[in-house]
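# Residue-level structure breakdown
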Amino acid sequence: KATYSNLHSDKVQAVRWNRINEQVFVSGGYDGRLNIQDVRDSTKAGTYLMNKKTYKDIESLQWHPKSEYNLVATTESGHLLGFDTRNFTTPIFSV
């Protein structure tokens, strides 16, 4: 049994399990933080903190249906951001 109570500092808006790698999930919250977590190994984690002045709160998340490394996030400000979790330092696109 595992507890992940320290991933966000504000309300969690979305959690999605990876469709390909079922031990990995992403969470997004009102703190503007995206967290990737592998439940098998806590060292395989990633965090991306959005610029709240630009992107506001995270509204929804979705993994790519055929790639375990790609996901999109939508924000309250109307942005769609794409990420590659192998390089989780910046979005690969923003619309």
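Structure: above.
A brief structural summary. (Residues numbered from 1 in each chain as written. Predicted model: local features only at pLDDT ≥ 70, side-chain atom pairs only at ≥ 80, totals over all residues. Heavy atoms only, no water.)

## Brief notes about the nonpolar core
Put simply, the rule reads: To qualify as a nonpolar core, a set must consist of buried Ala, Val, Leu, Ile, Met, Phe, Trp, Tyr and Cys residues joined through side-chain atoms within 4.5 Å. Summary of the burial criterion: residues with accessible area below 20% of their type's maximum are buried, those above 50% are exposed, and those between are partly exposed, where the area comes from a 1.4 Å probe applied to protein chains only. Per the convention used, a helix needs a DSSP run of H or I reaching at least four residues, while a strand needs a run of E reaching at least two, with both numbered from the N terminus. Contacts were defined at the residue level, with two residues in contact if any of their heavy atoms lie within 4.5 Å.
By size, the foremost hydrophobic cluster in this structure holds 16 residues, and its most contacted members are V26, L34, I36, M50, L61 and F83. Of all the elements in the fold, those that place two or more residues in this core are β2 (24-29), β3 (33-38), β5 (58-63), β6 (70-75) and β7 (80-84). Sort the elements by how many residues they give to this core and β5 lands first, with three residues. Residues in contact with L61, not counting those within four places in the same chain, are A14, R16, V26, S27, G28, L34, V72 and A73.

## A few points about the sheet that holds strand β1 (residues 12-17)
To keep things clear, this is the line we draw: In this scheme, strands are said to pair when DSSP sees at least two bridges between them. Interaxial angle, 0 to 180 degrees, is taken between N-to-C directions of lines fitted to C-alpha atoms, where a helix line uses only the stretch in contact.
Strands sit in the order β1-β2-β3-β4 across an open sheet of four strands; the sheet is antiparallel. Both outer strands of the open sheet, β1 and β4 (45-49), are each paired with one neighbouring strand and no more. In this sheet, adjacent strand axes meet at a mean angle of 15 degrees when their direction is disregarded. Pairing of β3 with β4 involves five bridges; the strand directions are antiparallel. Each residue of the ladder has a partner; that of Q37, found in β4, is A45.

## As for the layout of surface pockets
Quick note on the threshold: Lining residues are those with an atom within 4 Å of a point, where the points come from a 1 Å grid over the protein atoms alone and group into cavities, where a 1.4 Å probe fits but cannot get out, or pockets, open sets with protein on both sides within 12 Å along at least five of seven lines. Grid points are joined across faces, edges and corners, and a volume is the space filled by probe spheres set on the points. When residues are sorted by character, Ala, Val, Leu, Ile, Met, Phe, Trp, Tyr, Cys and Pro go into the nonpolar class, Asp, Glu, Lys and Arg into the charged class, and all the rest, Gly among them, into the polar class.
As a volume, the largest pocket reaches approximately 240 Å³. Taken together, 16 residues form the lining of the largest pocket, with V24, I36, K44, Y69 and T85 sitting closest to its centre. Only β3 and β4 provide two or more residues apiece to the lining of the largest pocket. Per-element accounting of the lining of the largest pocket gives the leading share, three residues, to β3. Partitioning the lining of the largest pocket into residue classes produces six nonpolar, five polar and five charged.

## Focus: the packing of aromatic side chains
Quick note on the threshold: Stacked, tilted and edge-to-face pairs are distinguished by plane angle, under 30 degrees for stacked and over 60 for edge-to-face with tilted covering the rest, among Phe, Tyr and Trp rings (Trp via its six-membered ring) whose centres lie within 6.5 Å.
In total, this model carries five aromatic pairs according to the counting rule given. An aromatic cluster is built from Y4, W17 and F25, whose rings are joined through pairwise contacts.

## Concerning the sheet that holds strand β8 (residues 93-94)
Strand order in this open sheet of four strands is β5-β6-β7-β8, and the pairing throughout is antiparallel. Here the strands that pair on one side only, and so sit at the sheet edges, are β5 and β8. Note that β5 and β6 share five bridges and pair antiparallel. Looking at β6, one finds that L61 is bridged to A73.

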